[in-house]
Amino acid sequence: MTTHYTGLIERYRSRLPVGEKTPIISLGEGATPLIELVNLPKRIGKNVRLLVKFEGLNPTGSFKDRGMTMAVTKAVEAGSKAIICASTGNTSAAAAAYAARAGITSFVLIPEGKIALGKLSQAMMHGSVVIQIKGNFDAGMRLVQEVAESMPVTIVNSINPFRLQGQKTAAFEIVEELGRAPDFHALPVGNAGNITAHWIGYSEYAGQNTKACVFCQGACAYQQGGGSAKRPVMLGYQAAGAAPFLRGAMVDNPETVATAIRIGHPMSWKQAWTVKEESGGWFDECSDEEILAAQALLARTEGVFCEPASATSVAGVLKSLAQGRIPEGATIVCTLTGHGLKDPDTAIAQSTRPVTVEASREAIEQVITRNMAG
Ligand code: F0G
């Protein structure tokens, strides 16, 4: 028996819309670690079980790979020769990589000057046609939808329903690892595709329907059941400068240091409200300072380096714990959506600068002495 892992489509084949002949485009995505935080709960003095699903360890460094393996697989199956997306960076990196793997063309629209360096390098290196627009993500999303009406390109943003089908597998993995659904599941929210996908996954696993699923609309064809009937309370956290779910209306000029979620017109607006209602959850917002503090706390106390947007889930949970909205004793999973290496500029800007010394033993010993505790 082989133990070679070949990606989430093979692993969850029976729960995904693929057939025997579907040509699967995979880079071995999924099966990311669910890391129990050991230092952070002690530090905040809360008796909770806090785990992070580190999606930054996917092939291109973000959760987008889960959706992209499905979207590109289905595009190729349908005979498409080109894909297109608007992106704050991670979707473009994933689209570029999976298109390269499939041998098709990718076009990515990104907001000029507003995507993290690592993500830009990925799209460029994988040979994507990178189109920088003088506008934000929301403008890019509108343009992609217009262009796809007349050009032979398949949209691989999360409005492509196969994306959410791939992304729902993160919820399967969590239930299988924990042996049950967590009490709370927290995610950063931009377009709100991922929170919707997780809810679809948890619902399907629990044998329950959700109106958030465009495939089933309350009677899911892929529903398997068999898991526990329990589903988590879903928590969606936004950056304060890009928080349409808190304002209850679209935001025209979103701004945040967490460029991945610099989105004012979420595509899965209706679905995310359904998720909130069906799960009994809530939306909340975090300031840029709270987001960066959570990112640094994770890196320095737990050894986990995620990108700023990803830390919004942890920043939000810290806030909800402090407010008593999440009770002691709870099991909480936070999704860390992308790797910290995606955005080296932001990491360097908030860290201690390296010291420069002579290349001598004495100089190194001095630095050690100066920095030893006590
Ligand atoms: N975290 C990261 C690191 C992201 O890149 C994104 C979205 C999100 C969270 C929000 O997920 O949109 O499903 O609510 N990034 C998209 C992109 C928009 O283009 O890479 P969502």
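Residue positions are given per chain, counted from 1 along the sequence in the order it is written. Given that this is a predicted model, residues contribute local features only at a pLDDT of at least 70 and side-chain atom pairs are listed and counted only at 80 or more, while totals for whole chains, interfaces and linings are drawn from all residues. Neither water nor hydrogens contribute to the side-chain values; these are computed over all heavy atoms in the structure.

*Asks:* I would appreciate a short explanation of the sheet that holds strand E3 (residues 82-86) in the present structure.
*Replies:* Through backbone hydrogen bonds, the strands of a sheet pair up, either in parallel or in antiparallel fashion. Any two strands with at least two DSSP-identified bridges between them are counted as paired. Here a helix means four or more residues in a row that DSSP labels H or I, a strand means two or more in a row labelled E, and each is numbered from the N terminus. With respect to topology, four strands assemble into an open sheet ordered E5-E4-E3-E6, the strand pairing being parallel. The sheet is open, and its two borders are formed by strand E5 (129-133) and strand E6 (154-155), each paired with just one other strand. The pairing of strand E4 (residues 105-111) with E5 spans five bridges and is parallel. The partner of Ile110 across the bridge, within E5, is Gln132. We call two residues in contact when some of their heavy atoms are within 4.5 Å. Note on definitions: angles span 0 to 180 degrees between N-to-C directions of axes, and those axes are lines fitted to C-alpha atoms, for helices only across the stretch in contact. The sheet strands contacting helix H6 (residues 137-150) are E3, E4, E5 and E6, and the helix crosses E3 at an angle near 150°.

*Asks:* How should I be thinking about the environment of Ala123 in this particular structure?
*Replies:* Positionally, Ala123 belongs in helix H5 (residues 117-125). Residues Ala123 and Gly329, 206 residues apart in the sequence, show an inter-C-alpha distance of 43 Å.

*Asks:* What am I meant to see in the site of the ligand here?
*Replies:* For this description, a residue counts as near a given molecule or strand if any of its non-hydrogen atoms is within 4 Å of it. The immediate surroundings of the ligand are formed by 21 residues, with Ser87, Thr91, Asn191, Ala192 and Thr337 found nearest. One of the backbone N or O atoms of Ala192 is found 2.7 Å from an oxygen atom in the ligand. In the analysis that follows, any N or O atom pair within 3.5 Å is treated as a polar contact, provided that within protein one partner can donate a hydrogen and the other can accept it, and provided that, for residues neighboring in sequence, both atoms belong to side chains. The separation between an oxygen atom of the ligand and a polar main-chain atom of Gly193 is 3.2 Å. Here the ligand loses 99% of its free accessible area of 480 Å² to cover by the protein chains. Taken together, the elements giving at least two residues each to the shell around the ligand come down to helix H4 (90-102), helix H9 (193-205) and helix H13 (308-322). For the accessible areas, the method is Shrake-Rupley and the probe is 1.4 Å, while residue cover comes only from the protein chains on display.

Shape descriptors only; they carry no functional weight alone.
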